[in-house]
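Below are the chains, spelled out letter by letter.
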Amino acid sequence: MIFDRSILAAFLALSTSVHGHTIVRSIWVNGVDQGTGVGIRTPANNGPIGPGYNSSPVKNLTSIDLRCNLLGDTQAADTIVVAPGDTLSFEWGHESRQDIDDIIANSHHGPGLVYISQDPPRDDSWVKLWEEGEYEPGKWFVTTKLIEDRGIHSIKIPADLAPGYYLLRPELITLHEGETKFPDNPIRGAQLYMACVQIRVAGAGGVSLPAGVGFPGAYDYSNPGINYNIYWTVPGAPPYPIPGPTVWSGAEPSIANPPLGTKKGELAFIPWSKWIITTESVVYEVKTVEGVQTTESSAYTATWPTAYVTPAPTL
């Protein structure tokens, strides 16, 4: 019997896909861990407790879940204060923040992207700050660099960015089932992992974000960066095209990850009861005094429009 290697690879990817889920678990500012879940609108469970996960991908490109994931309009309890020029690092993980975590399945090839928007966002407010895809033949950001860097990738907050509340939207697009369009076969299709991180930019910068794209709306099933076969490409075809708009001219150049300090918060698997916290609002601010960085927290009252805040479900 003769086996088609592309079919075999697709089967293997499908058989391991449930084990490849990942989620943003913590944010670091200038190498200082803000703590597990701080500032992150951690997605809700996508099914009954037990068989459901809150680290599952979004595949429906027309769903509001594409913006900030499940219950993404529900405010996080925390907002992280940063300044223009600060280095902000995202930490992804499969099941935990422990050293034994595998970050994401090594079959989940694809690009990484980061968007920013004013908070609350509009239909055209998402601006791309960074992206990286297949940087060498067969080497993808998600399954090479991200795994090797233990789930960490970093950006700089744009220089002179105007003060105010923003959302950062880190995203991974995995293509191990992307040779099929989701509407044609809902069991397959490109998998998108994203989260929204609440930040407040301090300082007196005067640069405003330009018009951007909307989520949903930025991607289409016909985009070659969404409907893409990683198992076989036409000889001489152009490199993989990362979907979405071009990176904003006001974004900072790509940077290496900074040295990281000690992890803070719960590092093991986080139970369902702690995924969504809506009882308190806390702002975390990184301060440097005589060369020593500390993270200070204080309570604050959120001022979002009432219609924008979606109550979390009763747990």
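On a predicted model such as this, the values are computed, not experimentally measured, just so you know.

1. What about the overall build of the protein?
Point 1. A tally of regular secondary structure across the protein gives three helices and 14 strands.
Point 2. In the protein, 79% of the contacts between residues at least 6 apart in sequence involve partners at least 24 apart.
Point 3. Working note: accessible area of the protein is about 14,500 Å², and carbon and sulfur atoms make up 56% of it.

2. Quick look at the confidence of the model for the protein
Point 1. Mean pLDDT over the protein works out to 83, with 77% of the residues at or above the 70 mark.
Point 2. Note that pLDDT drops below 50 for residues 47-51; the model gives that stretch two contacts with residues more than four away or on any other chain.
Point 3. Note on residues 272-285: pLDDT under 50 across the span, and 56 contacts to partners over four residues away in sequence or across chains.

3. Let's talk about unusual backbone geometry
Point 1. For the peptide bond that leads from D119 to P120, omega is 5 degrees, which places it in the cis range.
Point 2. With respect to the element layout, P120 can be found in the loop between β5 (112-118) and β6 (127-132).
Point 3. Cis geometry marks the peptide bond from F215 to P216, where omega comes out at 0 degrees.
Point 4. By the secondary structure assignment, P216 is in the loop between β12 (197-201) and β13 (282-289).

4. Some thoughts on the sheet that holds strand β1 (residues 23-29)
Point 1. Read across the open sheet, the four strands follow the order β2-β1-β4-β9; overall the sheet is antiparallel. Single-partner strands in this sheet number two, and they are β2 (32-33) and β9 (152-156).
Point 2. Where strand β4 (residues 87-93) lies against β9, five bridges are found, and the strand directions are antiparallel. From the neighbouring strand, F90 faces β9, where its bridge partner is H153.

5. Section: the state of the cysteines
Point 1. Using the criterion set out here, one finds one disulfide in the structure.
Point 2. At a sulfur-sulfur separation of 2.0 Å, the disulfide partner of C68 is C196. With the S-S bond torsion at -75 degrees, the cross-link from C68 to C196 turns out left-handed. You can see C68 sitting in helix α2 (residues 65-68) and its partner C196 sitting in the loop between β11 (191-194) and β12, a full 128 residues away along the chain.

6. As for helix α3 (residues 141-148)
Point 1. Turning to α3, its buried residues are F141, V142, T143, T144 and L146.
Point 2. One or two positions beyond α3, positive phi appears at R150, with a value near 55 degrees.

7. Structural notes on the pairing of β12
Point 1. Most of β12 sits out of view: four of its five residues are buried.
Point 2. Examined bridge by bridge, strand β3 (residues 78-82) and β12 share three bridges and lie parallel to one another. Residue pairing in the sheet places I80 in a bridge with I199 of β12.
Point 3. In terms of strand pairing, strand β10 (residues 164-174) meets β12 through five bridges, oriented antiparallel. From the neighbouring strand, Y165 faces β12, where its bridge partner is R200.

8. Structural notes on the packing of aromatic side chains
Point 1. Counted according to the given criterion, the structure contains eight aromatic pairs.
Point 2. With a centroid separation of 6.2 Å and 70 degrees between ring planes, the pair formed by W140 and Y228 is classed as edge-to-face. Remark: Y228 occurs in the loop between β12 and β13 and W140 occurs in strand β8 (residues 139-140); sequence separation between them is 88 residues. Judged on exposure class, the residue W140 and its partner Y228 are both buried.
Point 3. Ring geometry for F182 against Y221: centres 6.4 Å apart, planes inclined by 25 degrees, an arrangement best described as stacked. One end of the pair, F182, is in the loop between β10 and β11; the other, Y221, is in the loop between β12 and β13, and 39 residues separate them in sequence.
Point 4. Overall, the relative accessible area of 18% leaves Y221 in the buried class.
Point 5. Its end group placed over the ring of Y135, K145 keeps NZ or CZ at 4.5 Å from the ring centre.

9. Things to note about the nonpolar core
Point 1. Counting 35 residues, the largest nonpolar core has L88, F90, L168 and I199 as the members making the most contacts within it.
Point 2. When near neighbours in sequence (up to four residues on either side) are disregarded, L88 contacts I27, W28, V82, H153, S154, I155, I157, L168 and I199.
Point 3. Counting 25 residues, the second largest nonpolar core, distinct from the first, contains V58, C68, I226 and Y228.

10. With respect to the pattern of salt bridges
Point 1. Evaluation of the coordinates by the stated rule reveals 10 salt bridges.
Point 2. Note that R122 and D124 form a salt bridge whose closest N and O atoms lie 3.5 Å from each other.
Point 3. Exposure remark for R122: the relative accessible area of 41% places this residue in the partly exposed category.
Point 4. Looking at D124, the relative accessible area reads 34%, which means it is partly exposed.
Point 5. In this structure, K139 and E136 form a salt bridge, with 3.7 Å as the shortest nitrogen-oxygen distance.
Point 6. Taking the relative accessible area as the measure of exposure, K139 reaches 37% and is therefore partly exposed.
Point 7. For E136, a relative accessible area of 39% corresponds to the partly exposed category.
Point 8. Where salt bridges share partners, they join D33, E91, R97 and K263 into one cluster.

Cut-offs applied
- Residues numbered from 1 in each chain as written.
- Predicted model: local features only at pLDDT ≥ 70, side-chain atom pairs only at ≥ 80, totals over all residues.
- Heavy atoms only, no water.
- Helix = DSSP H or I, 4+ residues; strand = E, 2+ residues; numbered from the N terminus.
- Contact = heavy atoms within 4.5 Å.
- Areas by Shrake-Rupley, 256 points an atom, 1.4 Å probe, with all protein chains shown as cover.
- pLDDT = per-residue confidence, 0-100.
- Pairing = 2+ DSSP bridges.
- Disulfide = S-S within 2.5 Å.
- Buried < 20%, exposed > 50% of the residue type's maximum accessible area, 1.4 Å probe, protein only.
- Phe/Tyr/Trp six-rings, centres within 6.5 Å; stacked < 30°, edge-to-face > 60°.
- Lys NZ or Arg CZ within 6 Å of the ring centre and 35° of its normal.
- Core = buried A, V, L, I, M, F, W, Y, C linked by side-chain atoms within 4.5 Å.
- Salt bridge = Lys/Arg side-chain N within 4 Å of Asp/Glu carboxyl O.

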